[in-house]
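Per-entry structural report
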Amino acid sequence: MKRNYVFVSVGLTALAGLAALSASNAQTQMQHRGGVMAMQPAVTKAIAVLHPTQGNNVHGTVTFTRLASRVRVVADITGLTPGQHGFHVHEFGDCSAPDATSAGGHFNPMGQPHAGPDTTMRHVGDLGNITADASGRARLDVVLPLITFEGPNSVLGRAVIVHAKADDLRTQPTGDAGGRVACGVIGIARRDTVR
Ligand code: CU
Ligand code: ZN
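Not measured: the values here are computed from a predicted model.

Definitions and limits used
- Residues numbered from 1 in each chain as written.
- Chains lettered and ligands numbered in written order.
- Predicted model: local features only at pLDDT ≥ 70, side-chain atom pairs only at ≥ 80, totals over all residues.
- Heavy atoms only, no water.
- Helix = DSSP H or I, 4+ residues; strand = E, 2+ residues; numbered from the N terminus.
- Buried < 20%, exposed > 50% of the residue type's maximum accessible area, 1.4 Å probe, protein only.
- Contact = heavy atoms within 4.5 Å.
- Areas by Shrake-Rupley, 256 points an atom, 1.4 Å probe, with all protein chains shown as cover.
- Disulfide = S-S within 2.5 Å.
- Donors = N, O, S within 2.8 Å, 3.2 Å for Na, K, Ca; no water.
- Pairing = 2+ DSSP bridges.
- Salt bridge = Lys/Arg side-chain N within 4 Å of Asp/Glu carboxyl O.
- Core = buried A, V, L, I, M, F, W, Y, C linked by side-chain atoms within 4.5 Å.
- pLDDT = per-residue confidence, 0-100.

Tallying secondary structure elements over the chain gives 1 helix and 8 strands in all. Its helices and strands taken in sequence order, the chain reads α-β-β-β-β-β-β-β-β from the N to the C terminus. The buried share among the 195 residues of the chain stands at 35%. Pairs at least 24 apart in sequence give 62% of the contacts found in the chain among residues at least 6 apart. Counting only carbon and sulfur atoms, one obtains 59% of the accessible surface of the chain, whose full area is about 11100 Å².

Quick look at the structure:
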């Protein structure tokens, strides 16, 4: 009888222990769940939908797709005057001003001079020029270093700006590309978006 009591007592202690362990497990799982929520899957694709600034009719899309260590930039833009147009990522994802000056200057997290996309010592946002055909349509498909989707060089939440004139790839700090004819905020895209 006494032996049974001890057994039951041990059993109850074990049960209490299991309950405590189970409660502690639940807490750990919640913490883990919090951790998982904080660790979103890495962004592999982003998109900017371009809208015209006041007095212009420039529309288009620009996608950024992560490759191994670089990013592919594909643009399809209409409503341009034929010829070259400066094409940059600007610091702020704010296209609210009628002339898009709210987007700030070229995105330049590394404090480099303005240059062309073939140079490594440049603004991260220096994408060079796009060239519109006689119908006003410009298409671009390039692979660039420097641009990322995380860390100080991340372009997410910043803006793509298309300019009225060509970027001369030299004049500081703007490339003398003139006014801003279209602006679009760079947002996270579905990775299977076909553009
Ligand atoms: Cu610009
Ligand atoms: Zn620049």
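Scanning all chains against the criterion turns up 1 disulfide. Covalent S-S linkage joins Cys95 and Cys183, the inter-sulfur distance amounting to 2.0 Å. Taking the torsion about the sulfur-sulfur bond, which here is approximately -75°, the covalent link between Cys95 and Cys183 counts as left-handed. Remark: Cys183 occurs in strand β8 (residues 180-188) and Cys95 occurs in the loop between β4 (83-90) and β5 (126-132); sequence separation between them is 88 residues. Cys183 sits in the buried class, given a relative accessible area of 3%.

So, on to the coordination of the zinc ion (ligand 2). Protein coordination of the zinc ion (ligand 2) is provided by His106 (ND1), His114 (ND1), His123 (ND1) and Asp126 (OD), with donor distances spanning 1.9 to 2.1 Å. Counting residues between consecutive donors of the zinc ion (ligand 2) along the chain gives the motif H-x7-H-x8-H-x2-D. Each of the two residues, His123 as well as Asp126, counts as buried.

In terms of strand pairing, strand β1 (residues 45-52) meets β8 through 5 bridges, oriented antiparallel. Residue pairing in the sheet places His51 in a bridge with Cys183 of β8.

Tracing the backbone through its elements, the reader meets Gly104 in the loop between β4 and β5. Judged by its relative accessible area of 15%, Gly104 falls in the buried class. Linking Gly104 and Gly93, residues 11 residues apart in sequence, is a C-alpha distance of 8.8 Å. Not counting residues up to four positions away in its chain, the partners in contact with Gly104 are His90, Phe92 and Arg180.

What follows is about the pattern of salt bridges. Under the counting rule described, the total for this entry stands at 4 salt bridges. Taking the shortest distance from any N to any O, the salt bridge between Glu150 and Arg66 comes out at 3.2 Å. Of the two residues, Glu150 is situated in the loop between β6 (138-144) and β7 (159-163) and Arg66 in strand β2 (residues 59-66); the sequence distance between them amounts to 84 residues. Judged by its relative accessible area of 44%, Glu150 is partly exposed.

When four donors bind a metal tetrahedrally, each ideal donor-metal-donor angle is 109.5 degrees, and when six bind octahedrally, the ideal angles are 90 or 180 degrees. All of the protein donors around the copper ion (ligand 1) are His88 (ND1), His90 (NE2) and His163 (NE2); their distances to the metal are 1.9 to 2.0 Å. All donors to the copper ion (ligand 1) come from one chain, and their sequence spacing reads H-x1-H-x72-H. Taken together, the residues His88 in strand β4 and His163 in strand β7 connect sequence positions 75 residues apart. Looking at His88, the relative accessible area reads 0%, which means it is buried.

All right, on to the nonpolar core then. Of all hydrophobic cores here, the largest spans 30 residues; its most connected members are Val62, Phe64, Ile77, Leu80, Phe87, Ile147 and Val162. Those elements giving two or more residues to this core turn out to be β1, β2, β3 (71-78), β4, β5, β6, β7 and β8. It is β3 that provides the largest number of residues to this core, a total of 4 residues. Ala100, Ala159, Ile161 and Cys183 belong to the second largest nonpolar core, which has 5 residues in total.

Now for the confidence of the model for the chain. Here the chain averages 86 in pLDDT, and 78% of its residues register 70 or above. For the stretch residues 4-33, pLDDT sits under 50, and the model shows 0 contacts to residues farther than four places along the chain or on other chains.

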